[in-house]
Amino acid sequence: MLMIGPGAASCEAYTEEIQNDSSMKQVFMSWAHGYMSAINARNTTTNDEVDLSSALPLSGQIDFLSNYCEKHPDKLFVFGVMELMSILAQT
């Protein structure tokens, strides 16, 4: 496996985790922000950074990931994070 941590979980597992313990949203979101920050760090040489604190507030980012995972239970959580980063890049 290329990843470890919450991002390697399936969306189905994410949905189950947050239903069982809502504080897990913060665990997953922390992983997501770390992942996106690492991509930003890599992209500083090309000036392609994404503003992670853009017009979409943290609660909106969590809602986006929760909705993504509900719609795509067979996908990995990281794919939702990639989609979120794409949306943040457009704001």
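What counts and how
Residues numbered from 1 in each chain as written. Predicted model: local features only at pLDDT ≥ 70, side-chain atom pairs only at ≥ 80, totals over all residues. Heavy atoms only, no water. Helix = DSSP H or I, 4+ residues; strand = E, 2+ residues; numbered from the N terminus. Rg over C-alpha atoms; globule rule 2.2 N^0.38 Å. Buried < 20%, exposed > 50% of the residue type's maximum accessible area, 1.4 Å probe, protein only. Contact = heavy atoms within 4.5 Å. Lys, Arg positive; Asp, Glu negative; His and termini not counted. Charge placed at Lys NZ, Arg CZ, Asp CG, Glu CD. pLDDT = per-residue confidence, 0-100. Disulfide = S-S within 2.5 Å.

Undergrad: Would you mind going over the overall build of the protein chain with me for this structure?
TA: Regarding its fold elements, the protein chain presents 4 helices and 0 strands. Put simply, the protein chain runs from its N terminus to its C terminus through helices and strands in the order α-α-α-α. On C-alpha atoms alone, the protein chain measures out to a radius of gyration of 13 Å, which is about the 12 Å that the 2.2 N^0.38 rule sets for 91 residues. Its C-alpha atoms put the protein chain at 40 × 30 × 20 Å along the principal axes. In the protein chain, buried positions account for 37% of the 91 residues. In the protein chain, the proportion of contacts linking residues at least 24 apart, taken out of those at least 6 apart, comes to 67%. Across the protein chain, the 4 positively charged side chains and the 11 negatively charged ones have centroids separated by 4 Å.

Undergrad: Can you walk me through the confidence of the model for the protein chain in this structure?
TA: Reading fine detail from the predicted coordinates is not recommended where pLDDT is low. A residue-level look at the protein chain finds 90% of positions with pLDDT of 70 or above and a mean pLDDT of 88. Of all the helices and strands in the protein chain, helix α2 (residues 24–43) carries the lowest mean pLDDT, 89, while helix α1 (residues 11–20) carries the highest, 96.

Undergrad: Explanation requested: the state of the cysteines in the structure shown.
TA: In protein structure, a disulfide is the covalent linkage between the sulfur atoms of two cysteines. In the structure shown here, the tally under the stated rule is 1 disulfide. Paired by a disulfide, C11 and C69 hold their sulfur atoms 2.4 Å apart. Handedness here is read from the sign of the S-S torsion; for C11 and C69, about -50°, the answer is left-handed. Taken together, the positions of C11 in helix α1 and C69 in helix α3 (residues 58–71) put the pair 58 residues apart, joining distant regions of the chain. With respect to class, C11 is no different from C69; both count as buried.

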